[in-house]
Amino acid sequence: MSAREQSQSGALSAASRSPREAEEAAPGRCLSLLPWDRFSAWLHCVCVVGFDLELGQAVEVIYPQHSKLTDKEKTSICYLSFPDSNSGCLGDTQFCFRFRQSSSRRLSLHCMLDQLDRDLPVSLKKDPAYYYGYVYFRQVRDKTLKRGYFQKSLVLISKLPYIHLFHAVLRHIAPEYFVKNEPFLEAVCSDVDHWPPPVPGKTLSLPIMGIIMKVRIPTCHDKPGTTHIVQFTHEEDTQISIALPTVHEVDLFKCFCPVFFHIQMLWELVLLGEPVVVMAPSPSESSDTVLALVSCISPLKYCSDFRPYFTIHDSEFKEYTTRTQAPPSVILGVTNPFFAKTLQHWPHIVRIGEIKLPGEVPKQVKVKKLKNLKTLDSKPGVYTSYKPYLNRDEEIIKQLQKGVQQKRPAEAQSVILRRYFLELTQSFIIPLERYVASLMPLQKSISPWKSPPQLRQFSQEDFMKTLEKAGPQLTSGLKGDWIGLYRHFLKSPNFNGWFRTRRKEMTQKLEALHLEALCNEDLLFWSQKHTEVETVDLVLKLKNKLFQADREHLPMKPDTMEKLQMHIDAIILALPDDLQDILLKTGTT
């Protein structure tokens, strides 16, 4: 094999490695990253938002200074980083928000990040159109200031939905930042720029201002519902280590406590992508509750828009509050009393009161008609005319109530609730998974000399027929109108998103099987029996398939890429010299 071919083959084999293999094979690779690339793998930037008597809320600092934010994005960050004045948040408050990205930007390390994203569970994959903002807001009396109050927010802007991790980081750095200001912020960002890449499945050590946070990011290969314990090592005894039990989960039980008796109905509303507004006294409760709702259908991905904290200044305010059309499929978290009037026409309103103290047994809160909701001061509850498809599961209610009476830790209550939601979602989705798998053509129908066969079309009626013998009753004891729930779900954005992902995975599997079938053929023998034109056409097609397989990371056997490259090399070497030169220089599209 020529040096040129060896380098070409070597490049391909390197490109086909997983991020973990690549990292282990090239430990010095990170040295070639550009400055701030490690930082950018975790955060887009850090902002400081203050209150100016003349300008109102304003972004005072953006770090690193080269970070790009449009004027529209800065305005969104300004308004979303402060609680509404009616919230009365004195002291320190933490919450999160989500806003639309104004324009797409390419990072110098985007290839590596795309690869890492592939190994994440669907619910943790980045959405290219949105940013998260993680806020630590401080409001304290200060007589030296004209307004009489010190008001400032430290905000982490990121593509990653790792709420637990970033709130823990802010709890550690924000109080000291408010005393030491910018030099401290530079030191924080420098620490983040020394973090390892956010590789799923590995225990990561993240140094931050004198401590080390140990985290593990879940992978798509983890068994749903399992938690991997972060292991400590003894090599860093000199620094305090903190192991975070999760990077992304919120306190599920605390969030659902005010609407304790309606968790199953809320699960249905989220599953079906219904428009839901959460009205809460503070941005903390609002954002946690919205994130809890979105997570309750895991491992299904919630495919519609959701805003953990939404204000009247938001650029989508008019779009989401208009009465001239039906409310969109979105979950909004609000605190401003003005929304009680502007969102009265929304079909499902969840009113969250003050979070109850541990040990209090939640009282039965009835579902109320929407006409009863006049102000944000209305009693906690769910205001809707929605009639659930499934009968209520009394067992989970009794189990959680017993836990409250026995003073079971909130963490344990959340684990029970998360397992309940997981089992409910799995019972619902397994029949769909089983039916969609049947749309896959048989492997024997894959011929190396024909295009890969197409998936059969999804038929709603055919699927419904499978439910009689292989429906959710095999894994769930819940009674009710499962058929009606499925019919409604098949019209929802969550079904469209789920099916689009499954269809892409299955199409890629067919492409991979087709490539494996090609590899098992004697392609050199075939080329010797065909014209040069046909052989050149085959080489170009094979090169293109190799490029596509590498780019899309098709699920193939480990040696398929290498075998295909060897076939291409052998065919090229059997051709005349002039054609060899042309084909070796020819790239792929």
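The structure reproduced in this document is the subject of the present report. Within each chain, residues carry numbers counting from 1 in the order of the written sequence. Given that the model is predicted, a residue must reach a pLDDT of at least 70 before its local features are reported, and side-chain atom pairs must reach 80 or more before they are shown or counted; all residues, however, enter totals for whole chains, interfaces and linings. Just so you know, side-chain values use all the structure's heavy atoms and leave hydrogens and water out.

**Here's the deal with the sheet that holds strand S8 (residues 240–243)**
The strands that make up a sheet are held in pairs by hydrogen bonds between backbone atoms, and each pair lies either parallel or antiparallel.
1) Next: When DSSP finds two or more bridges between two strands, those strands count as paired. Put simply, DSSP H or I for four residues or longer makes a helix, DSSP E for two residues or longer makes a strand, and each gets a number counted from the N terminus. Reading across from one edge, S6-S7-S8 is the order of the three strands in this open sheet, with mixed pairing throughout. Each end of this open sheet is capped by a strand with a single partner; those strands are strand S6 (203–208) and S8. Mean inter-strand twist for the sheet, computed between neighbouring axes without regard to direction, equals 25°.
2) Next: Examined bridge by bridge, S6 and strand S7 (residues 211–216) share six bridges and lie antiparallel to one another. Its bridge partner being in S7, leucine 204 is matched across the sheet by valine 215.
3) Next: Strands in contact with helix H6 (residues 163–180) are S6 and S7; relative to S7, the strand with the most contacts, it is inclined by about 175°. Convention adopted: a line fitted to C-alpha atoms gives each axis, helices being fitted over their contacting stretch, and angles between N-to-C directions are expressed from 0 to 180 degrees. Two residues qualify as a contact provided that any one of their heavy atoms is within 4.5 Å of a heavy atom in the partner residue.

**What to know about unusual backbone geometry**
1) Next: Tyrosine 63 connects to proline 64 through a cis peptide bond whose omega is -5°.
2) Next: Mapping proline 64 onto the fold places it in the loop between strand S2 (56–63) and helix H4 (71–80).
3) Next: For the peptide bond that leads from serine 298 to proline 299, omega is 10°, which places it in the cis range.
4) Next: Positive phi outside glycine occurs at tryptophan 36, with the angle close to 75°.
5) Next: Mapped onto the secondary structure, tryptophan 36 falls in the loop between helix H2 (19–25) and helix H3 (37–42).
6) Next: Unusually for a residue other than glycine, histidine 553 sits at a positive phi of about 50°.
7) Next: Here histidine 553 shows up in the loop between helix H19 (532–552) and helix H20 (560–573).

**A closer look at the packing of helix H15 (residues 460–470) against helix H16 (residues 482–489)**
1) Next: The N-to-C vectors of H15 and H16 enclose an angle of 155°; their axes lie 11 Å apart at closest approach. When the axes of H15 and H16 are compared, the pair comes out roughly antiparallel. At the point where H15 passes H16, the crossing takes the right-handed sense. Along its contact with H15, which presents Gln460, Glu461, Phe463, Met464 and Leu467, the element H16 presents Ile483, Tyr486 and Arg487.
2) Next: Side-chain classes are defined by residue name, with Ala, Val, Leu, Ile, Met, Phe, Trp, Tyr, Cys and Pro counting as nonpolar, Asp, Glu, Lys and Arg as charged, and the others, Gly among them, as polar. When the residues that make up the contact of H15 with H16 are grouped by side-chain class, the tally is five nonpolar, one polar and two charged. An angle below 35 degrees is read as roughly parallel, one above 145 as roughly antiparallel, one from 65 to 115 as roughly perpendicular, and any other as oblique. Crossing handedness is read from the near helix: turned anticlockwise from the far helix by less than a right angle, it gives a left-handed crossing, and turned clockwise, a right-handed one.

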